[in-house]
Amino acid sequence: HPLKPFEPELRRKYRATPIVDLKETQPNQNITIGGLVTSIRNLYTKTGQAMLAATIEDTSGTISVTCFTKTTAEYGKYLIPNAVVAIFGRAQHRERMKRGGNAEEEEGAEEKSVQVEILVDRVEQIIADAMAADARPRELHVHIDGSCKTFLRMIKETMEAHKGGSPLFL
C-alpha cells in the first residue's frame, strides 16, 4: 500500500487513529486520522462558496471527510489526489437503515448501522504525491565514534525532539 512507509510517522507524530477504529468514537469527538487522499469532490453552498468532500484511505479502511467553506479556503490546497495528509476534525455519526433482503429475515426488517464521517478543522500535508518514486522515506546511517557518551546522548536527545519520517541509525 502506498501509505505503508508513512504510517509510523502518522501514528507517532500525529497520533492518528486507524480508520477501522473510528466506529468506537463518540459523536463530535475530536480525532486525528492520517491517510491517502483517494478522491475529491468540489461542492458549493447556495451562496456559491466552495466546499470539499474527500475520501481518505489508510491500510485499515476508508472514510469520508467534509471541509466547510472556511476550512476549504485555508486547507483545501492540501487535499489533492495521492497526497498523504493528517486530518484533524470531529467525528460525525449517521445512522443508516438497511432493509433485510434475504428470505430468512422477516419481511420489512430493518438493520441499523452507524457510518462515521469527519468534519475537518485542519489539514497537514505530509507529502504531495505518495505515488512519486522519491516519496518514500529513506534511512539515514551516521557513523559516530562511540567513545564520547555525552556527545551520543546529546545527538539522541536532539533527534528525539525533532522526529521526522525517515529512520535514523547511529
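Please refer to the structure higher up on the page.
Below: a short report on this structure. Because the structure is predicted, anything quoted here is derived from the model rather than measured. (Residues numbered from 1 in each chain as written. Predicted model: local features only at pLDDT ≥ 70, side-chain atom pairs only at ≥ 80, totals over all residues. Heavy atoms only, no water.)

## Side note on the overall build of the protein chain
Part 1: Tallying secondary structure elements over the protein chain gives three helices and seven strands in all.
Part 2: The secondary structure elements of the protein chain, listed N-terminal to C-terminal, are α-β-β-β-α-β-β-β-α-β.
Part 3: By the burial criterion, 29% of the 170 residues in the protein chain qualify as buried.
Part 4: Here the protein chain has roughly 11000 Å² of accessible surface; of this, 49% comes from carbon and sulfur atoms. (Helix = DSSP H or I, 4+ residues; strand = E, 2+ residues; numbered from the N terminus. Buried < 20%, exposed > 50% of the residue type's maximum accessible area, 1.4 Å probe, protein only. Areas by Shrake-Rupley, 256 points an atom, 1.4 Å probe, with all protein chains shown as cover.)

## Quick look at the pattern of salt bridges
Part 1: The tally for this structure, following the rule as stated, stands at seven salt bridges.
Part 2: For the salt bridge of Asp58 with Arg11, the shortest nitrogen-to-oxygen distance reads 3.9 Å. Here Arg11 lies in helix H1 (residues 7-12) and Asp58 lies in strand E2 (residues 50-58), a separation of 47 residues in the sequence.
Part 3: Accessibility expressed as a relative area gives 28% for Arg11, which makes it partly exposed.
Part 4: A salt bridge links Arg94 to Glu117, with the shortest nitrogen-to-oxygen separation between them at 3.5 Å. (Salt bridge = Lys/Arg side-chain N within 4 Å of Asp/Glu carboxyl O.)

## Quick look at the nonpolar core
Part 1: If you look at the biggest cluster of nonpolar residues, it comprises 21 residues, and the most contacted ones within it are Ile33, Ile56, Ile63, Leu79 and Ile87.
Part 2: Dropping the residues within four chain positions of it, Ile56 is found in contact with Ile19, Ile33, Gly35, Leu36, Val37, Gly61, Thr62, Ile63, Val65, Leu79, Val85 and Ile87.
Part 3: One finds Phe6, Leu36, Val84 and Ala86 within the second-largest nonpolar core, a separate group that totals 10 residues. (Core = buried A, V, L, I, M, F, W, Y, C linked by side-chain atoms within 4.5 Å. Contact = heavy atoms within 4.5 Å.)

## Observations concerning unusual backbone geometry
Part 1: Backbone geometry at Arg15 places phi at a positive 55°, although glycine is not the residue there.
Part 2: By secondary structure assignment, the location of Arg15 is in the loop between H1 and strand E1 (30-44).
Part 3: Non-glycine residue Asn82 carries a positive phi angle of around 75°.
Part 4: Topologically, Asn82 is positioned in the loop between helix H2 (69-75) and strand E4 (84-99).
Part 5: What makes Asn82 partly exposed here is its relative accessible area of 27%.

## A few points about the layout of surface pockets
Part 1: Here the second largest pocket defines a volume of roughly 170 Å³.
Part 2: Around the second largest pocket sit 14 residues that line it, and Arg41, Ala53, Ser64, Thr66 and Glu117 are the ones nearest its centre.
Part 3: Elements represented by at least two residues in the lining of the second largest pocket include exactly E1, E2, strand E3 (61-67), E4 and strand E5 (110-127).
Part 4: Considering only residue class, the lining of the second largest pocket consists of five nonpolar, five polar and four charged. (1 Å grid on protein atoms, 1.4 Å probe; cavity = no way out; pocket = protein on both sides within 12 Å on 5 of 7 lines; lining within 4 Å. Points joined across faces, edges and corners; volume = space filled by probe spheres on them. Nonpolar A, V, L, I, M, F, W, Y, C, P; charged D, E, K, R; others polar.)

## Considerations on the pairing of E3
Regular strands place their side chains on alternate faces of the sheet.
Part 1: Relative to E3, E2 runs antiparallel, the two being bridged by seven bridges. Paired with Ala54 across the strands is Val65, a residue of E3.
Part 2: Hairpin connection between E2 and E3: a loop of two residues separates the two successive antiparallel strands. (Pairing = 2+ DSSP bridges.)

## Remarks on the environment of Asp21
Part 1: Tracing the chain through its elements places Asp21 in the loop between H1 and E1.
Part 2: In this structure, the C-alpha to C-alpha distance between Asp21 and Ser60, residues 39 residues apart in sequence, is 8.7 Å.

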